[in-house]
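Analysis of the macromolecular model
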Amino acid sequence: MPAKKITSPFPQRFTDRQWARYVKQGQELVEEETRVQFRLGDLTLKMVPVQRAGSNNQRGVFPVLDRFADAIGMNVHTLLGYRHVATKWPPEKRAEGVSWSIHKALDALDDRFELIHNPPRGIERWTEDKALSYAGRLPSRPLTKAEKLDRVRVLLDQDENAAEATSELIKRPDVAHRVMGDTTSQRILYRAHHEQRMQAAEARFAAAHEVEEQEEEEEEAAETARQLRRREPAVEYTRASSEVLELIGVGTSFLVEMQRLIPGLHVAEFTDREVRAILDNHRRIRAALDWCDTVVTTGEKTMDEELARILGEGDE
C-alpha cells in the first residue's frame, strides 16, 4: 500500500516536502521517547516485580522507587506512571509507531489491545486527545462544546471561584439573555433568590427577638457547659501534640463541611461525568483515610504501589 501523501497545513510557511520532513523527524523523536518511557517502566518491574495484591513486597514498591527516582533525577510519580503503563501493556502487546501517551490514555480499557491497532469508526488514527476522549477522560486540548464545559467544571470546582467567574460572565448582555432564556437556569436563580430573601427575613426576625431570648440562650449555654464539664474529653487538648490536634481538626472540618453541603445537593442536575468525578475523588479520600488509620494504629508509613497510584491520580 503506497504511503499517504503528507500535505502542509500551512502552505504559506512550509512546502509539502518541508512539512513532511519535519513530521518524520518529530515522529522519530516521539518513537524514541516512547521506547525510553517503556524501558524505564520495564526497568522498575525488573527491580520490583509485580506481586499479587496484599503481598508484603507490594508495600515496598514506593520506598524503592522513591529513592531510585531521586537517584536518576525524576519525579517518583512520573516513574510510577511509567511502571503502571508498562504493566498494562506487556511488550508483545505494544503498538509500534504509537506514542506512549496514547498507550497511557487507553490503558484502562479492556479491549485496548485491539483498539490501539483498529480505532473505532470516526477516528482515522489515534491522537492523545482522541484516545483520552474515547476512554472517557478529559482531553489535554478540549475541542468540542462538551469537552470545553468539562474543563471549565474542573477549573472552577471551588464555589468561590465559580461564583466570581459567573458574576463576570453574566455581565455580558448576550450571556445574561441566554441564561435567563433557559427555564432550568431560571428556576435555579429564582430559587437561590428566594432562599436569600428567606435567610434575610430570618436574620431580621432573629435580631428583633435577640434581646428577649438572650437570657434563655445564656441559661442553655450554661447548662451545656455544665454537661460538657461532666463528660470525659476524648483528648486532653492541653497535652496533645500539634500533630494530633491537626489531624482531629482536619477531620472535623471535613465532617462539618460535608454535613453542611450534602443536604443541599441538587443531585438530579449532576451529569454522569460529574458523578464519576465525585466518586473517584471519594475513592482517593477513602484510600488516604485507610492509610492514615494504618499509620496511626501500626506506625507503618510505607505506601504500597496501588495506594501510591490512587493518590497520584489527583495530581494529573
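Residues numbered from 1 in each chain as written. Predicted model: local features only at pLDDT ≥ 70, side-chain atom pairs only at ≥ 80, totals over all residues. Heavy atoms only, no water.

Considerations on the overall build of the protein
Helix and strand counts for the protein come out as 15 helices and zero strands. Expressed as a percentage of its 316 residues, the buried residues of the protein come to 19%. (Helix = DSSP H or I, 4+ residues; strand = E, 2+ residues; numbered from the N terminus. Buried < 20%, exposed > 50% of the residue type's maximum accessible area, 1.4 Å probe, protein only.)

Quick notes on the packing of aromatic side chains
Taken as a whole and assessed by the stated rule, the structure comprises six aromatic pairs. Ring plane angle 85° and centroid distance 5.9 Å describe the contact between Phe14 and Tyr22, whose orientation is recorded as edge-to-face. Taking the centre distance of 5.1 Å and the plane angle of 90° together, the rings of Tyr82 and Trp100 count as edge-to-face. Note that Tyr82 is positioned in helix α4 (residues 76-88) and Trp100 in helix α5 (residues 100-105), a separation of 18 residues in sequence. Take Tyr82 and Trp100: they sit in the same class, and that class is buried. Aromatic rings pair up to connect Phe10, Phe14, Trp19 and Tyr22 into one cluster. In this arrangement the basic side chain of Arg112 is found over the ring face of Trp89, its NZ or CZ atom lying 5.9 Å from the centre. (Phe/Tyr/Trp six-rings, centres within 6.5 Å; stacked < 30°, edge-to-face > 60°. Lys NZ or Arg CZ within 6 Å of the ring centre and 35° of its normal.)

Regarding the nonpolar core
With 32 residues, the main nonpolar core has Leu79, Leu80, Leu106 and Trp126 as its most contacted residues. Contributing elements (two or more residues each) for this core: α1 (16-47), α3 (61-72), α4, α5, α7 (128-134) and α15 (305-312). Those residues in contact with Leu79 that sit more than four places away from it in its chain are Leu40, Thr44, Leu65, Phe68, Ala69 and Met74. (Core = buried A, V, L, I, M, F, W, Y, C linked by side-chain atoms within 4.5 Å. Contact = heavy atoms within 4.5 Å.)

Some details on the side chain of Arg83
By secondary structure assignment, the location of Arg83 is in helix α4. Ignoring anything within four residues of it in the chain, the contact list for Arg83 reads Gly41, Thr44, Leu45, Val48, Pro49, Val50, Val61, Leu65 and Glu305.

Observations regarding the pattern of salt bridges
Opposite charge on two side chains allows them to pair when their charged atoms are near. In this structure the tally under the stated criterion is eight salt bridges. Among the ionic pairs, Arg137 bridges to Asp107, the shortest N-O distance being 3.9 Å. Of this pair, Arg137 sits in the loop between α7 and α8 (145-155) while Asp107 sits in the loop between α5 and α6 (112-115), and the two are 30 residues apart along the sequence. Residue Arg137 is classed as partly exposed on the basis of its relative accessible area, which comes to 25%. Between Arg178 and Asp174 there is a salt bridge, and its shortest N-O distance comes to 2.9 Å. With Arg178 and Asp174 both in helix α10 (residues 173-180), this residue pair falls four residues apart, about one helical turn. (Salt bridge = Lys/Arg side-chain N within 4 Å of Asp/Glu carboxyl O.)

Some words on the packing of α3 against α4
Geometrically, a packed helix pair is captured by the angle between its two axes and the distance between the axes. One can describe the packing of α3 onto α4 by two numbers: an axis separation of 9 Å at closest approach and a directional angle of 120°. Crossing of α3 over α4 shows right-handed handedness. Here Val61, Phe62, Leu65, Asp66, Phe68 and Ala69 of α3 lie close against α4, whose contacting residues are Val76, His77, Leu79, Leu80 and Arg83. When its residues are assigned to classes, the contact of α3 with α4 shows eight nonpolar, one polar and two charged. (Axes fitted to C-alpha atoms, helices over the stretch in contact; angles between N-to-C directions. Left-handed = near helix turned anticlockwise from the far one by under 90°. Nonpolar A, V, L, I, M, F, W, Y, C, P; charged D, E, K, R; others polar.)

Notes on the environment of Leu43
Following the sequence through the fold, Leu43 ends up in helix α1. On the basis of relative accessibility, which here comes to 36%, the residue Leu43 falls in the partly exposed class.

Focus on the side chain of Arg112
Assignment of secondary structure puts Arg112 in helix α6. Put simply, Arg112 is tucked away with no salt bridge, and the nearest opposite charge, on Asp110, sits 5.0 Å away. Among the polar contacts listed, one links the side chain of Arg112 to the backbone oxygen of Lys88, at a separation of 3.2 Å. Each residue touching Arg112, except ones within four places of it in the same chain, is listed here: Lys88, Trp89, Leu106 and Asp107. (Lys, Arg positive; Asp, Glu negative; His and termini not counted. Polar contact = N/O pair within 3.5 Å; in protein donor to acceptor, adjacent residues only side chain to side chain.)

Remarks on the layout of surface pockets
Approximately 1,300 Å³ is the volume found for the second largest pocket. For the second largest pocket, the lining is made up of 30 residues, of which Gln27, Gly97, Val98, Arg125 and Trp126 are closest to its centre. Where the lining of the second largest pocket is concerned, the elements lending two or more residues are α1, α5 and α7. Broken down by element, the residue count for the lining of the second largest pocket peaks at eight residues, all from α1. In terms of residue class, the lining of the second largest pocket is built from eleven nonpolar, eight polar and eleven charged. (1 Å grid on protein atoms, 1.4 Å probe; cavity = no way out; pocket = protein on both sides within 12 Å on 5 of 7 lines; lining within 4 Å. Points joined across faces, edges and corners; volume = space filled by probe spheres on them.)

Considering α4
A rise of 1.5 Å per residue sets the reference length of α4, with its 13 residues, at 18 Å; its end C-alpha atoms lie 18 Å apart and thus fit the reference within 8%. Restricting attention to buried positions, one finds in α4 the residues Val76, Leu79, Leu80, Gly81, Tyr82, Arg83, His84, Val85 and Ala86. For α4, the N-terminal capping position is held by Asn75, with its side-chain oxygen 2.7 Å away from the main-chain nitrogen of His77. (Expected span 1.5 Å × (residues − 1).)

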